[in-house]
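Below, each chain spelled out in residue letters.
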Amino acid sequence: MSDSLQKPFAGIRVADFAWVGVGPIVSKYLADHGAEVVRIESSTYPEALRRVGPFVDDVPGVDRSGYYANFNSSKRGITVNLKHPRGPELIKRFIATCDVVTESFTPGTMAKFGLDYESLRQLRPDLLMISMPLYGQTGPWSSYMGYGHVLQAAAGYNHMTGWPDQPPIGTGVAYTDFLVPHLAATALIAALDYRRRTGKGQYIDFGQMEAAIHGLGTAILDWTANGHEQIRLGNHDMEAAPHNAYRCRDGRWVVLACATEKHWEGLKAALGRPEWCDMDRMRRRWQRINELKEIDRHLSFWFEDFTRRGDEPALQAEEGVEGPPVRKFTTEEVVQLMQSFGVPCGIVQSPEAMHADPQLAHRGHYWKLQHPVMGLRAYDGPSFRLSKTPAELTKAAPCLGEDNEYVYKEIVGLSDEEFIELLADGAFE
Amino acid sequence: MNPESPPVPLEHPAGPLAGYRVLDFADEKGQLCARILGELGADVIKVEPPRDGDPTRQNGPFFKGETGPDTSIYWWTMNAGKRSITLQPRLEAGRQILRRLIAVSDIIIETNMPGEAAPLGLDYPSVSAANPSAILVSITNFGQTGPYAKWHATDIVGQAMGGLMYLNGDDEHGPVRVTAPQAYAQANFQAAVGAMIALYARGVNNGIGQHVDVSMQEAVANAMDNAQQIWDIRRINASGPGIHRNNNGVRGARYLFETADGWLVALQVGGLIGPGANAIIDWLAESGEARGLDSPEWRARLTSMQPLPPEDTRYVEETLAAFLRTRKKEELVAEAQRRGAGWAPVLSPREIVESHHLAARDYWVRVHHEDIGESFIYPGAPFKLGETPWKQRGRAPHIGEHNAAVYGELLGIDAAELRRLKLKMVV
């Protein structure tokens with residue numbers, strides 16, 4: 001960033017009551033781009049991710065969770081006991097200095113402490129506030145609890161994941177937690193830009209399920225317009241063939257997709273034009289979709305026959321076959337081969353492989369940040385590079401209550417005596 | 001205006017982005033991003049090649065299965081409420097018009113392979129020369145530079161190389177992709193955030209434009225839950241857990257169960273293992289189906305958070321499975337929620353559309369396709385902004401439907417000139 005430019009959200013202060021995945025990922029965008037984001041937590045009831053690992057050295061502790069840390073880079077952290085007689089008042093004094101409030105509690109929780117939007121805008125008329133529970137502020141499910149692991153089921157992702165004759169297994173991750181924050185952040189920053197131009201704040205009722213439905217591709221309209229209900233297809237695709245994952249000799253999997261004629265021509269060339277793929281019934285895309293099983297059979301054999309483990313020689317004689325030895329490819333070489341013929345292809349990368357991925361390293365995806373308890377740890381950066389005002393992960397996640405003194409004294413304006421008195425009285429627990 | 005043929009797009013002056021203009025040159029990696037900005041109020045112009053239009057008009061599925069430039073359900077979904085113009089930036093005359101369009105636009109979204117945008121005038125130097133305040137959002141498979149920058153990819157390659165697919169699947173069948181394309185969805189959604197941050201940065205920095213370089217691979221990498229950190233901290237590769245949960249990289253309790261009318265998900269065996277277990281044990285006991293789990297010994301063990309031996313885990317899972325198999329999923333979820341357990345039903349697209357919760361929130365919108373004389377239900381507001389509401393802006397446009405309006409009103413190109421440009425295949 002050139003010296004004359006300021007970070008996008010410099011001067012924006014955020015009171016972040018959100019917890020677990022969705023909310024903290026939204027405010028992480030703001031924090032990593034210059035906002036002063038303060039996580040507001042409780043030490044009596046530490047937020048869920050502080051209690052879930054991975055923990056450094058496998059020793060549980062509120063300041064040791066990598067899960068929590070990753071979503072809370074560049075943020076400050078304070079604790080408050082909202083059930084202490086002075087808790088809500090202290091927090092309101094802080095919010096009066098904030099531009100944005102974020103929260104993701106079950107509807108009604110903020111109001112219980114007098115922290116609903118209508119009350120807070122009395123303190124700060126241009127306040128922007130977003131609430132992000134699973135199912136929104138109203139409706140019969142609004143009080144339903146859960147996490148991304150269950151919302152992905154209600155939002156259609158389980159139904160759309162797995163093999164057609166197998167259970168709807170879901171994505172293996174708390175998927176919607178990592179899908180809907182981007183829509184919430186888009187709406188929040190658009191509203192922030194509107195506020196910048198007009199001076200008007202507002203309230204955003206964000207229901208995670210309603211956002212998640214927009215990630216289902218064509219599944220909704222295929223039902224409402226065509227009466228066709230899409231379902232999980234394993235690694236196949238309604239529109240492309242071949243389209244699958246194939247196991248290589250070293251046990252790793254490679255995916256390959258031919259969505260266009262160009263891809264298919266590339267694949268034929270890469271394979272050396274074996275007879276089966278020049279047959280008449282393979283000529284057009286819709287024909288190949290009909291021949292999916294046949295194509296998969298040939299390709300499964302090909303990946304078995306023509307790949308090798310890293311410790312095997314590149315040229316191998318074929319048992320019982322006269323003639324020169326056959327060229328065999330490592331998993332990496334297969335991908336290179338396919339890519340050189342213009343075929344979309346890639347390795348199913350493990351977390352370990354992701355950390356060693358040269359492309360992600362080139363992009364600087366993982367930020368290494370020093371944490372006082374956890375040491376040097378990898379944090380995810382955003383998937384985009386802004387050429388002039390790039391993200392900067394300025395610090396590791398806050399320890400629980402790390403910034404109490406700064407926030408309560410410098411921002412809220414407590415005297416040393418008051419601070420110590422309230423501390424002793426449990427107001428910050 | 002004849003109410004039977006509403007304009008596309010419906011006007012949206014109340015959106016937070018009203019007054020901004022977006023040019024959409026994107027494929028599957030960016031069309032949804034542009035649509036979302038339009039639903040927030042921006043004037044989104046989809047720019048298509050002359051005559052045949054955008055190649056993604058050929059993406060299935062198709063309305064009633066009939067292929068054609070205006071029947072793609074994919075096209076309807078991703079391009080609803082945009083204006084469409086035709087333009088050929090491979091011709092110099094086309095690039096001249098493009099520069100004039102960029103001069104009156106705020107955000108340009110393109111998805112060309114790195115290096116292929118420059119001949120079209122869609123690289124950042126060309127864009128910023130035409131409009132120094134313009135924000136160019138380039139969404140590519142792996143980013144603008146780097147060893148894989150020119151690699152080919154579709155959604156499944158993004159899900160594989162971005163690490164999500166490894167976490168997804170089971171031991172028996174191997175890794176699996178989410179059939180609804182999530183690498184594309186992630187790239188679109190995260191690009192929208194990048195565009196918004198750049199737009200805000202422009203507002204506080206005297207109108208500077210910049211280049212937003214989005215990687216689909218990285219967008220997927222951000223959806224790996226805590227698997228990155230499990231590797232970083234514990235050196236364990238989490239992998240596809242099937243019907244179970246991953247707990248810090250190792251297989252945890254079963255979370256998916258079959259009911260009388262489909263499946264449901266129950267956190268940590270629905271609270272049968274964990275601090276909330278008693279609520280579910282009580283429920284089973286009241287129904288006479290606790291199979292002894294309501295004994296003080298079992299209760300103590302199930303709430304203790306200490307790991308159970310495999311045979312005990314199996315007994316607990318089988319007890320719950322037997323209880324659930326004879327009951328209906330939505331009734332089970334309602335009762336579990338009443339008892340404080342965060343369960344949810346596995347819903348299909350049809351069941352989502354029929355959801356009484358979403359109906360109560362007035363979620364769905366009905367979009368009129370006056371060209372075929374029918375209207376269809378579309379997903380509604382992904383967020384409800386109090387002051388500047390989201391709005392669905394009508395059906396997707398036909399090829400070049402707004403040529404006259406955009407070229408005429410925006411650039412002052414008259415009908416005769418437009419005809420000449422059309423003959424030269426520039427528009």
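Summary of the structure given here. (Residues numbered from 1 in each chain as written. Chains lettered and ligands numbered in written order. Predicted model: local features only at pLDDT ≥ 70, side-chain atom pairs only at ≥ 80, totals over all residues.)

**Observations regarding the overall build of chain A**
- Of regular secondary structure, chain A possesses 17 helices and 14 strands.
- Considered along the principal axes of its C-alpha atoms, chain A spans approximately 90 × 50 × 45 Å.
- For chain A, restricting intrachain contacts to residue pairs at least 6 apart in sequence, the fraction spanning at least 24 positions comes to 66%. (Helix = DSSP H or I, 4+ residues; strand = E, 2+ residues; numbered from the N terminus. Contact = placed C-beta atoms within 7 Å.)

**Some remarks on the overall build of chain B**
- Scanning chain B for helices and strands turns up 17 helices and 16 strands.
- Taken over the C-alpha atoms alone, chain B extends approximately 85 × 50 × 45 Å along its principal axes.
- Here chain B holds 427 residues, and 59% of them are scored as buried.
- By sequence separation, contacts in chain B at least 24 residues apart represent 66% of the contacts at least 6 residues apart. (Buried ≥ 20, exposed ≤ 12 C-beta atoms within 10 Å, placed from the backbone.)

**Observations concerning the packing of helix H1 (residues 22-32) of chain A against helix H7 (residues 180-198) of chain A**
Residue and element names in this part refer to chain A.
- Look at H1 against H7: their axes get within 9 Å of each other, and the N-to-C directions meet at 50 degrees. Relative to H7, the element H1 lies oblique. As for the relative orientation of H1 and H7, their crossing is right-handed in sense. Between H1, through Val22, Ile25, Val26 and Tyr29, and H7, the contact on the second element is made entirely by Val180, Pro181, Ala184, Ala185 and Leu188.
- Of the residues assigned to the contact of H1 with H7, the class counts are nine nonpolar, no polar and no charged. (Axes fitted to C-alpha atoms, helices over the stretch in contact; angles between N-to-C directions. Parallel < 35°, antiparallel > 145°, perpendicular 65-115°, else oblique. Left-handed = near helix turned anticlockwise from the far one by under 90°. Nonpolar A, V, L, I, M, F, W, Y, C, P; charged D, E, K, R; others polar.)

**What about the interface of chain B and chain A?**
- The interface is formed by 128 residues belonging to chain B together with 126 residues belonging to chain A.
- Residue contributions to the side of chain B that touches chain A peak at 17 residues, all from helix H6 (residues 182-204) of chain B.
- When its residues are assigned to classes, the side of chain B that touches chain A shows 75 nonpolar, 40 polar and 13 charged.
- Bridge count for strand S14 (residues 384-386) of chain A against strand S8 (residues 210-215) of chain B is three bridges, and the pairing is antiparallel. Bridge pairing links Arg385(A) to Asp213(B) in S8(B). (Pairing = 2+ DSSP bridges.)

**With respect to the sheet that holds strand S7 (residues 243-247) of chain A**
Residues and elements named next belong to chain A.
- Spatially, the three strands line up as an open sheet ordered S7-S8-S11, and their pairing is antiparallel. One side of each edge strand has no neighbouring strand; the edge strands of this open sheet are S7 and strand S11 (345-347). Across the sheet, the mean angle separating the axes of adjacent strands is 20 degrees when strand polarity is ignored.
- As defined by bridge partners, strand S8 (residues 253-257) adjoins S11 across three bridges and the pair is classed as antiparallel. Opposite Val255, over in S11, you have Gly346 as the bridge partner.

**Digging into the pairing of strand S4 (residues 100-103) of chain A**
Residue and element names in this part refer to chain A.
- Here S4 shows no split at all, with Val100 and Thr102 on one side and Val101 and Glu103 on the other all buried.
- In the sheet, strand S1 (residues 13-16) pairs with S4 via three bridges, with the strands oriented parallel. Residue pairing for S4: Val14 is matched across the bridge by Val100.
- Where S4 meets strand S5 (residues 128-131), four bridges bridge the pair, whose relative direction is parallel. Following the sheet pairing, Val101 is matched in S5 by Met129.

**Comments concerning the packing of H7(A) against H6(B)**
- Orientation of H7(A) relative to H6(B), taken along the N-to-C sense of each, is 20 degrees, at an axis distance of 8 Å. Judged on the interaxial angle alone, H6(B) and H7(A) are roughly parallel. The crossing of H7(A) and H6(B) is left-handed. Counted together, His182(A), Leu183(A), Ala185(A), Thr186(A), Ile189(A), Ala190(A), Leu192(A), Asp193(A) and Arg196(A) of H7(A) and Phe189(B), Gln190(B), Ala192(B), Val193(B), Met196(B), Ile197(B), Leu199(B), Tyr200(B) and Gly203(B) of H6(B) form the full contact between these two elements.
- Of the residues assigned to the contact of H7(A) with H6(B), the class counts are twelve nonpolar, four polar and two charged.

**Topic: the nonpolar core**
- Residues Ala184(A), Val254(A), Leu37(B), Val137(B), Ala195(B), Leu264(B) and Trp343(B) are the most contacted members of the largest nonpolar core, which totals 255 residues.
- If you tally residues by element for this core, the top one is H6(B), at 16 residues.
- In contact with Val137(B), other than residues within four places in its own chain, are Ile107(B), Ile108(B), Ile109(B), Ala191(B), Gly194(B), Ala195(B), Val212(B) and Val214(B). (Core = buried A, V, L, I, M, F, W, Y, C linked by C-beta atoms within 7 Å.)

**Things to note about the environment of Arg284(A)**
All names here are of chain A.
- Among the structural elements, Arg284 can be located in the loop between helix H10 (261-271) and helix H11 (285-290).
- Judged by the 12 C-beta atoms lying within 10 Å of it, Arg284 is exposed.
- The spacing of Arg284 and Glu261 is 23 residues in sequence and 7.8 Å in space, taken between C-alpha atoms.

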